[in-house]
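One-letter residues, chain by chain:
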Amino acid sequence: MGFEQDITRMEEITNQLQDQATSLDESIKLFEEGVKLARKVEKGLEKIEQKVEILLNSAEDSEEEPELAPFTDES
Amino acid sequence: MSDLFSDQTFTVSDITMLIKQTLQGAFHHISVEGEISNFRPASSGHWYFQLNDTKAALQAVMFKPKNWRVPFVPKDGDRVRVSGTISVYERRGSYQMICEQISKIGEGDILALLEQRKREFAAAGYFDPDRKRALPVFPRRICVVTSPTGAAIRDILQVLNRRNKAISIVVLPALVQGEGAAQTIASRIRMANRWRLGDILIIGRGGGSIEDLLPFSDQLVVEAVVESEIPVVSAVGHEIDWALSDYAADVRAPTPSAAAELVSRDLQEIVASLHESVRHMARTLSGRIALSRSRTALFTPQRMSEYFSRRLEQLHLQNDDLKERMTVHTRERITSMKSTLHTLSGRLDALSPLGVLDRGYAIVTRADGRTVVTRADQLKQNDHIRIQFGTGAVTATTDTILEEKNMEEEYGI
C-alpha cells in the first residue's frame, strides 16, 4: 500500500475505533493494525532519500525515454 | 517677444524668474520619451538622470516621494516615458524635467496585449475555477520547469530540502525568457506529462521585467498548462509579478519558494501527526477497554457473592414472613375450631339421650341391652326387656301388647 492509502486506512481505523458498534475484540485488532501502519509509514519516510535529478534529453516531445542525471546546483 | 523686452534691462534674478515662470507655465504636465543615461540615485533617495535621443539631452529628476512607487529601478539604456513639469533651477541657470511618473516604453502596449489575451483565454474557459484540481497531499516526486541556473530552482531546492526530504525533484531545464522560451517551457510541460515524471509540476522563474516574464503568458505555455494532467503550480517572479500561466494553473504561488512550500507538507509535522494519530487510537481503545471493564466488574466473585447474599436475605425475609403468617393463621384456625367444637359439644349435650333420661324418659331395650325397642309391635307377651333410666336400670317382662297407635295418635298431637 502507498503512503496515502496507509494514512487513509489509519483514519478509517480511528473512526471505527470511535464507533461504539465496533466490538472490543475487533477494536483491539484494529488498534494493532493502526500501530503497525504508523510504524511502517514512519520507517518508510525515514528510508526515503531526496533525489534531485535533471532531464538530459533536450529534443522537444521526443519519443525517446527521458534520461535523468543527478542534478547539482551549480551556483 | 524680443520687441516686448527690447528696451528693458533685467537683473539675472529677474530674467531667470521670468524664464522659470514661462517654462513652467508652458510645459506643465507634459510627457517625454527618451533613453536614460547617467542615472544617479542620490543618498537622499532622489533619482537624477538624463534623457537622450540622437540629437538632444534633457536633465531629469524624480524625487523620492514619487519614485518609491515605481515598480522598477531604471538603468542606463532603458527607454522610458516620463511625465511631469519643466522647471528651472535658478542658482545654476539650468532647466530640468521634474518627473511625476516613469514607465518603460512598450510596457503599456505589453499590458494591453496581455489584457487582450487574458480575455480570450478566459472566454475559452482556460481559467474556469472548476478546472482547478487539488494538489496531492503526499507527492513523491515534483517536476520543476525552470532555468537550471536561475534563482527559482535554488529557492525551491532549499525549501524542499529543509521541509521534506521524502520528496524527490526532477528539473526540466527550460529557457525562461527571450526568444524560444515559451516553446521550451510548453515542450517540457508536455514531456513531464507524457512520461509522468512527477505528481506535481511547478513552472516558474525569478523576478524580472514584464518583458522577461512574457513567455509565461504565451499561448503555447498557457495551453500546455491547461492540457497538463499533472496538477500545475505557477510561480512566476515576485509577489507583485504575474503571468497568464498563474490564471491557468491549478494553484498560483506568489514566488518559487512559496510554490515549494505549497507542494510539501513538513516531514516533521507528518511524523508528529502520525504519532498523534497513534496516541488518539490508543486513547480511544483504552476508553473502550475501561468501559468494558466497568461492565465486567459487575461480575466479579465478590460482586456475585454480594448479589447472592442480597438475594438470600430476601429469601430469609420472605420465609420469615411466611412463617409468621402461617403461625398467625394456624392459631386463628385453632381458635375458630375450638369455638366450633364448643358449640357442637353444647349441641351434642342437648342431643345426648342421657340428658333426656334425666328429664324422665327411659330407653327400652331387649334383655341384652343393645337392641333398642321403639315400637310396641316389636315385642310379644312375656318378652324380657330392659328399661334404662337416667340413673340405673331395671329388667321386666311384658304383660300385654296394646293396640298399634303412634304417639301422635295416642296423645292427639
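Preceding block: the structure.
Computed from a prediction, not measured in an experiment: that's the story for all the values here.

A. Local environment of the packing of aromatic side chains. All names here are of chain B. Under the criterion given, the structure shown has 6 aromatic pairs over all chains. Between Phe39 and Phe49 the ring centres are 6.1 Å apart and the planes differ by 35 degrees, which places this aromatic pair in the tilted class. Of this pair, Phe39 sits in strand β1 (residues 30-41) while Phe49 sits in strand β2 (residues 47-52), placing them 10 residues apart in sequence. Judged by its relative accessible area of 16%, Phe39 is buried. Residue class for Phe49 comes out buried when judged on its relative accessible area of 0%. Among the aromatic residues, ring-to-ring pairing joins Phe121, Tyr126, Phe127, Trp242 and Tyr247 into one connected group. Its end group placed over the ring of Trp242, Lys118 keeps NZ or CZ at 6.0 Å from the ring centre.

B. A look at the layout of surface pockets. Its volume calculated, the second largest pocket comes out at about 380 Å³. Residue lining of the second largest pocket: 18 residues in total, with B:Pro71, B:Gly208, B:Ser209, B:Ile210 and B:Asp241 positioned closest to the centre.

C. Spotlight on helix α6 (residues 181-194) of chain B. Helix length check: α6(B) (14 residues) gives 20 Å between terminal C-alpha atoms against 20 Å at 1.5 Å per residue, within 8%. With 11 of 14 residues buried, α6(B) is to be regarded as a mostly interior element. Within α6(B), burial applies to B:Ala181, B:Ala182, B:Thr184, B:Ile185, B:Ala186, B:Ser187, B:Arg188, B:Ile189, B:Met191, B:Ala192 and B:Asn193. Among the structural elements, β1 (52-55) of chain A together with β6 (141-146), β7 (168-173), β8 (200-205) and α7 (219-227) of chain B are those in contact with the buried residues of α6(B). Positive phi shows up at B:Arg196, right after α6(B), with a value of about 45 degrees.

D. Region of interest: the nonpolar core. Within the largest apolar cluster, 36 residues are counted, with the highest numbers of intra-cluster contacts made by B:Val145, B:Leu172, B:Ile189, B:Leu201, B:Ile203 and B:Val225. Of all the secondary structure elements, the ones that give two or more residues to this core are α4 (107-123), β6, β7, α6, β8, α7, β9 (232-236) and α8 (244-248) of chain B. If one sorts the elements of this core by residue count, α6(B) sits on top with 6 residues. Among the nonpolar cores identified, the runner-up in size contains 24 residues, and A:Val52, B:Leu135, B:Ile142 and B:Val144 belong to it.

E. Spotlight on the interface of chain A and chain B. With 45 residues of chain A at the interface, the matching set in chain B holds 47 residues. Regarding the contact of chain A and chain B, the summed buried area is about 4000 Å², with carbon and sulfur atoms giving 64% of it. Across the contact surface, chain A and chain B share 1 salt bridge. The salt bridge partner of A:Glu53 is B:Arg141, with a shortest N-O separation of 3.2 Å. Connecting chain A to chain B are 15 residue pairs in polar contact (both at pLDDT 80 or more). Elements with a minimum of two residues in the side of chain A that touches chain B: α1 (3-18), α2 (24-47) and β1 of chain A. Ranked by residues supplied to the side of chain A that touches chain B, first place goes to α2(A) with 10 residues.

F. Spotlight on empty space enclosed by the protein. This model, assessed by the stated rule, comprises 1 cavity of 30 Å³ or more. For the largest cavity, the calculated volume is near 90 Å³. If you go around the largest cavity, you meet 13 residues; those closest to its centre are A:Phe3, B:Phe138, B:Pro139, B:Asn164 and B:Ala166. When the residues that make up the lining of the largest cavity are grouped by side-chain class, the tally is 10 nonpolar, 1 polar and 2 charged.

G. Focus on the pattern of salt bridges. In total, this model carries 20 salt bridges over all chains according to the counting rule given. Notably, a salt bridge pairs B:Glu229 with B:Arg196, separated by 3.7 Å at the nearest N-O pair. One end of the pair, B:Glu229, is in the loop between α7 and β9; the other, B:Arg196, is in the loop between α6 and β8, with 33 residues separating them in the sequence. Ionic pairing is found between B:Glu276 and B:Arg283, a salt bridge with its closest N-O pair at 3.2 Å. Overlapping salt bridges, with partners in common, bring together A:Arg9, A:Glu12 and A:Glu33 in one network.

H. Looking closely at the pairing of strand β4 (residues 79-89) of chain B. Residue and element names in this part refer to chain B. Of all 11 residues in β4, 8 are buried; the element is thus mostly enclosed. Of the strand pairs in this sheet, β1 and β4 are connected by 6 bridges, and their pairing is antiparallel. Bridge assignment links Val32 to a residue of β4, and that residue is Val82. Where β4 and strand β5 (residues 94-104) come together, 10 bridges link them in antiparallel fashion. Within β5, the position partnered with Val82 by the bridge is Ile102.

I. Spotlight on the pairing of β6(B). All names here are of chain B. Among the 6 residues of β6, 5 are classified as buried, and the element is accordingly described as predominantly covered. Where β6 lies against β7, 6 bridges are found, and the strand directions are parallel. By the bridge assignment for β7, Cys143 is matched with Val170. Of the crossover connections in this fold, the one passing from β6 over helix α5 (residues 151-163) to the parallel β7 is right-handed. Relative to β8, β6 runs parallel, the two being bridged by 4 bridges. Looking across to β8, one finds that Cys143 is bridged to Leu201.

J. Here's a closer look at the environment of B:Gly198. Residue and element names in this part refer to chain B. Checked against the element boundaries, Gly198 lands in the loop between α6 and β8. Sequence-wise, Gly198 and Ile169 are 29 residues apart; in three dimensions their C-alpha atoms are separated by 8.0 Å. Contact partners of Gly198, with chain neighbours within four places excluded, come to Arg141, Cys143 and Ile230.

K. Expanded view of unusual backbone geometry. All names here are of chain B. Of note in this structure, Arg196 is not a glycine but carries a positive phi near 45 degrees. Judged by its relative accessible area of 47%, Arg196 falls in the partly exposed class. Positive phi is not limited to glycine here, since Asn382 has a value of about 65 degrees. Position of Asn382 among the secondary structure elements: in the loop between β11 (363-366) and β12 (384-388). The exposed category is assigned to Asn382, whose relative accessible area is 52%.

The rules we used
- Residues numbered from 1 in each chain as written.
- Chains lettered and ligands numbered in written order.
- Predicted model: local features only at pLDDT ≥ 70, side-chain atom pairs only at ≥ 80, totals over all residues.
- Heavy atoms only, no water.
- Phe/Tyr/Trp six-rings, centres within 6.5 Å; stacked < 30°, edge-to-face > 60°.
- Helix = DSSP H or I, 4+ residues; strand = E, 2+ residues; numbered from the N terminus.
- Buried < 20%, exposed > 50% of the residue type's maximum accessible area, 1.4 Å probe, protein only.
- Lys NZ or Arg CZ within 6 Å of the ring centre and 35° of its normal.
- 1 Å grid on protein atoms, 1.4 Å probe; cavity = no way out; pocket = protein on both sides within 12 Å on 5 of 7 lines; lining within 4 Å.
- Points joined across faces, edges and corners; volume = space filled by probe spheres on them.
- Expected span 1.5 Å × (residues − 1).
- Contact = heavy atoms within 4.5 Å.
- Core = buried A, V, L, I, M, F, W, Y, C linked by side-chain atoms within 4.5 Å.
- Buried area = accessible area lost by both parts, 1.4 Å probe.
- Salt bridge = Lys/Arg side-chain N within 4 Å of Asp/Glu carboxyl O.
- Polar contact = N/O pair within 3.5 Å; in protein donor to acceptor, adjacent residues only side chain to side chain.
- Nonpolar A, V, L, I, M, F, W, Y, C, P; charged D, E, K, R; others polar.
- Pairing = 2+ DSSP bridges.
- Right-handed = clockwise from strand over helix to strand, strands pointing away.

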